[in-house]
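Here is what each chain is made of, one letter per residue.
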Amino acid sequence: MPRRNSVQDTQPLVAAIDIGTTSARCILFNQYGEEMAKHQIEYSTSASEAPAESSNTDQFRRRSSLMRHNQPIFSAEGVAISINDDVMVENNSASVGPTLRFPQPGWVECMPVHILANALQCLTACMITLKRINRDPNLKTKYKVRAIGIANMRETTIVWSRRTGKPLSNGITWTDTRTAEIVQHLERMTDEEQKEELRAKTGLPLSTYFSAAKLRWLIDNDDDIREEYEKGDGNLMFGTVDTWLIYHMTRERAFVSDVTNASRTYFMDLETMDYDEELLDFWGIDPERIRLPKIVSSSELYGTFSVPNLVSLGFHNKITNEALEMLKTLAGTPLCGCLGDQSASLVGQLALKRGDAKCTYGTGCFLLFNNGTEKIISKHGTLTTFGYWFPHLEGESGKPHYALEGSIAVAGSIIQWLRDNLKLIENAHDIGPLVSQVHNSGGVVFIPAFSGLYAPYWDRGARGTIFGMTQYTTSGHIARAAIEGVCYQVRAILEAMASDALNKQNALDPTSNPDEDDKFVLLRVDGGMSKADEVLQIQSDILGPMINVGRAPIAECTALGAAIAAGMAAKDPEQRVWKDFKDLKEKIRGEKNQREFACEIELSERVKNLKRWEKAVSRAQDWLDPEIE
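Owing to the predicted nature of the structure, the values given are computational and were not obtained by experimental measurement.

Draft legend 1. Up close: helix α8 (residues 223-231). Three or more residues of α8 are buried, namely Ile-225, Glu-228 and Tyr-229. Buried residues along α8 cover an arc of 100 degrees about the axis, so they all sit on one side. Along α8, the residues that are exposed and aim more than 90 degrees away from the buried face are Asp-223 and Glu-230. Looking at the buried side of α8, the elements it contacts are β9 (158-161), α7 (211-221) and β11 (236-239). Regarding α8, its N-cap is Asp-222, as a side-chain oxygen of that residue lies 3.1 Å from the backbone nitrogen of Asp-224 further along. Immediately downstream of α8, the backbone of Gly-232 shows phi near 60 degrees, a positive value.

Pasting the structure below:
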């Protein structure tokens, strides 16, 4: 009997590297969406690692998340692997600084080389776990990583040297607001007609959020970058986190960005899926002076994995031989999947057809509505972006899919605020029991607009406000009102999305009581807050009977989305981990049940509560007065 090839002799795994705003993780998924190995690193920051009185030099010469003394790596099996035992790095005493920095109010920077090193450490830990699994004598077929995918925080801007590969400055993260003056100047100088034209091309409003303003700031304010830009000799390279990682983790030095990330730069035309000369001119960016990555699909071969030389990039610590050998086992593995984190969550939730919607409750809250192959520019305050593009699939599945997106600044962070600032709870998971102590908010309304209201209100002047307190008010009422404040904003975004995508005005009309066949959509949810049943029941009650809320059966939807993109990248269906969406859903969902929540409160109460919320929003808006401030 002929011997089967090596692909058939092993069980396929996909490695998903997920680079978030405050942490990095790697997960090895099998074809059923099960986690075979996992490792996560929480970033260290200048705020947490340096005393307030330290000088600027001392403040940032602290050990990074990779270098904390005696910090262990924990495998998925719970086995501690100490860095000091020479598994990952040597010279543990070297000072390399934190991964995140907050040098000035409103400034949030990341260290690009640390981001890369964190990704490699997570990947190494997973490969160590995999090695142990494969040693099991009872295992009939060994596992092998067949593909690598990346999910990443979007908009974060990195500029580096082509000659050295080194970053020329710290990365500017998506949350950074130092570009406010640049954006405000452009808003004043741009008439409404041109703003509409720009929005039609990009799907985006003028904002500090996106990469263009960050790159403009770096060229204007960083001496090294400005000097290289003026030389215009091809040395200067721009990219978001996906581009940075793929460039340094591929043997071919692939310089690419997928459409879900490129669409967040403000340089890309949503129709052509390429850079637009008018957009570059608007920001004063000359593509002859700075290299921009090639825009590619979310699921194709970008290059093959190769271990980057961190020392040559200025990383102070040497990777140990054991870690290097672990990573070398991945040499030649296709790096072939890439999605911005919110698009990755959409895919990981299997929200793959038009009308599907997902909500991720993280530090903030992000909603994406799958709009299929139709580009719709919102008239109700949401953004237009790309959901995914899997070009090797057949039919509609293989075409670029657009999405409407809405974001809320404060979601999970409101629970942290209740815990750390008001001391109402000791741990985040205590929020459910506290909220369940009361049946309603007792008339209290909490607008959690600590940094303004995002979609669909877009009011920078709004601020966090609590209305309706009396002597009857308890901590339970305040906590419940805080959760409701997040959930009402989710409702407002979904209402806007329905108006844009489905032409359903007042789709969430609280006076409606539809039959089961008239349900609007299932809102798929994931993220920290979604773990509490009480929170999801509140969300469902606020959304009303048109929408059910379904908790994802798989917790790590973002990483899973990156894995799916990589696992479907091969042109030959027989070489894919999942042949198509049908095969994917059959394997991933299997017998996993999605817990659903339905509205349980009466019509009269829904109407009363919504009117109270809308009144409170109107009073919290435009709170900041420039003359007072």
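From this point on, the discussion continues.
Draft legend 2. Seen up close, the pairing of strand β1 (residues 11-19). Of all the nine residues making up β1, eight are buried; the element is thus mostly covered by neighbouring parts of the structure. Relative to strand β8 (residues 143-152), β1 runs parallel, the two being bridged by nine bridges. Within the sheet, the bridge partner assigned to Val-14 lies in β8 and is Ala-147. Note that β1 and strand β2 (residues 23-30) share seven bridges and pair antiparallel. Within the sheet, the bridge partner assigned to Ala-15 lies in β2 and is Leu-28.

Draft legend 3. Representation of the nonpolar core in the model. One finds Tyr-361, Ile-447, Ile-483, Val-490, Leu-494 and Leu-523 to be the most contacted residues of the largest nonpolar core, which totals 57 residues. In terms of residue count, the dominant contributor to this core is helix α16 (residues 475-501) (13 residues). If sequence neighbours within four positions are ignored, Tyr-361 has contacts with Val-486, Val-490, Val-525, Asp-526, Gly-527, Gly-528, Met-529, Ser-530, Leu-536 and Gln-539. One finds Ile-17, Ala-117, Leu-120 and Ala-254 within the second-largest nonpolar core, a separate group that totals 54 residues.

Draft legend 4. Structural view of the confidence of the model for the chain. With 86% of its residues at a pLDDT of 70 or more, the chain has an overall mean of 84. The least confident element of the chain, judged by mean pLDDT, is strand β5 (residues 80-82) at 32; the most confident is strand β15 (residues 294-296) at 98. Within the model, pLDDT remains below 50 along residues 1-7, and this stretch shows four contacts once partners closer than five positions in the same chain are excluded. In the predicted structure, residues 48-96 sits below a pLDDT of 50 and forms 129 contacts with residues beyond four places in sequence or in another chain.

Draft legend 5. View of the environment of Glu-574. Looking at the element boundaries, Glu-574 is found in the loop between α18 (557-567) and α19 (581-589). Its relative accessible area of 53% is what places Glu-574 among the exposed residues. Within the structure, Glu-574 has its side chain in polar contact with the side chain of Lys-579 (distance 3.5 Å).

Draft legend 6. Highlighting unusual backbone geometry. Positive phi, normally seen in glycine, also occurs at Arg-253, with a value near 50 degrees. Note that Arg-253 resides in the loop between α9 (241-249) and β12 (256-258). Given a relative accessible area of 38%, Arg-253 falls into the partly exposed group. The residue Met-273 is not glycine, and still its phi comes out positive at about 55 degrees. Looking at where Met-273 falls in the secondary structure, it is placed in the loop between β13 (268-269) and β14 (274-275).

Draft legend 7. Representation of the packing of aromatic side chains. Applying the stated criterion across every chain yields a total of 18 aromatic pairs. When the ring of Phe-238 is compared with that of Phe-267, the centres are 5.9 Å apart and the planes differ by 75 degrees; the resulting orientation is edge-to-face. Here Phe-238, found in strand β11, pairs with Phe-267, found in the loop between α10 (259-262) and β13; they are 29 residues apart in sequence, far enough to count as distant. Here the aromatic rings of Tyr-247 and Phe-255 are separated by 6.1 Å at their centres, their planes lie at 75 degrees, and the arrangement is edge-to-face. For the pair Tyr-247 and Phe-255, a shared accessibility class is recorded, and that class is buried. Every member of this aromatic cluster is reached through a ring pair, and the members are Trp-174, Tyr-209, Phe-210, Tyr-266, Phe-282, Trp-283 and Phe-366. Seen from the ring of Tyr-209, Arg-264 lies directly overhead, with NZ or CZ sitting 5.4 Å from the centre.

Draft legend 8. The arrangement of the sheet that holds β1 in detail. Pairing within the open sheet is mixed, and its six strands lie in the order β3-β2-β1-β8-β17-β16. Two strands in the sheet have a free side with no partner beyond their single neighbour: β3 (35-42) and β16 (299-304). Looking at each pair of strands side by side, their axes are set apart by 25 degrees on average, direction ignored. Looking at chain direction, β16 and strand β17 (residues 334-340) are connected through three bridges and run antiparallel. Counted as the bridge partner of Gly-303 is Leu-335 from β17.

Draft legend 9. A look at the packing of α16 against helix α17 (residues 533-543). Between α16 and α17, whose axes approach to 9 Å, the crossing angle comes to 45 degrees. One way to sum up the angle between α16 and α17 is to call them oblique. Helix-helix and strand crossings are classified by hand; for α16 and α17 the assignment is right-handed. Across the interface between the two elements, Arg-480, Ile-483, Glu-484, Cys-487, Tyr-488, Val-490, Arg-491 and Leu-494 from α16 touch Val-535, Ile-538, Gln-539, Ile-542 and Leu-543 from α17. In terms of residue class, the contact of α16 with α17 is built from nine nonpolar, one polar and three charged.

Definitions and cut-offs
- Think of each chain on its own: its residues are numbered from 1, step by step along the sequence as written.
- Reporting of local features is limited, given that this is a predicted model, to residues whose pLDDT is at least 70; pairs of side-chain atoms are given and counted only at 80 or more, and all residues count toward the totals for whole chains, interfaces and linings.
- Calculation of side-chain values draws on the structure's entire complement of heavy atoms; hydrogens and water are dropped beforehand.
- Only protein chains enter the calculation, and the probe is 1.4 Å; a residue is then buried if its accessible area is under 20% of its type maximum, exposed if over 50%, and partly exposed in between.
- Numbering goes from the N terminus for both helices and strands, where a helix is a DSSP run of H or I of at least four residues and a strand is a run of E of at least two.
- By arc we mean the arc of the directions from the helix axis to the C-beta atoms, nothing more.
- Note on definitions: a residue-residue contact is assigned when non-hydrogen atoms from the two residues lie within 4.5 Å.
- Polar contacts here mean pairs of N or O atoms no more than 3.5 Å apart (in protein, one a potential hydrogen donor and the other a potential acceptor; neighbouring residues in sequence count only if both atoms are side-chain atoms).
- A strand pair is defined by DSSP finding two or more bridges across the two strands.
- As used in this record, nonpolar core signifies buried Ala, Val, Leu, Ile, Met, Phe, Trp, Tyr and Cys residues forming a set joined through side-chain atoms within 4.5 Å.
- Per-residue confidence from the predictor is reported as pLDDT, a score between 0 and 100.
- Any pair of Phe, Tyr and Trp rings, taking the six-membered ring for Trp, is counted once the centres come within 6.5 Å. Such a pair is stacked with planes under 30 degrees apart, edge-to-face with planes over 60 apart, and tilted for the rest.
- For a ring to carry a charge above it, either NZ of a lysine or CZ of an arginine must fall within 6 Å of the ring centroid while also lying within 35 degrees of the normal to the ring plane.
- Here an angle of 0 to 180 degrees is reported between the N-to-C directions of two axes, which are lines fitted to C-alpha atoms, with helices fitted over the stretch in contact.
- An angle counts as roughly parallel when it lies under 35 degrees, as roughly antiparallel when it exceeds 145, as roughly perpendicular when it falls between 65 and 115, and as oblique in every other case.
- By the definition used in this description, the sense in which the near helix is turned from the far one sets the handedness, with an anticlockwise turn below a right angle giving left-handed and a clockwise turn giving right-handed.
- Residue type decides the class: Asp, Glu, Lys and Arg count as charged, Ala, Val, Leu, Ile, Met, Phe, Trp, Tyr, Cys and Pro as nonpolar, and the leftover types, Gly among them, as polar.

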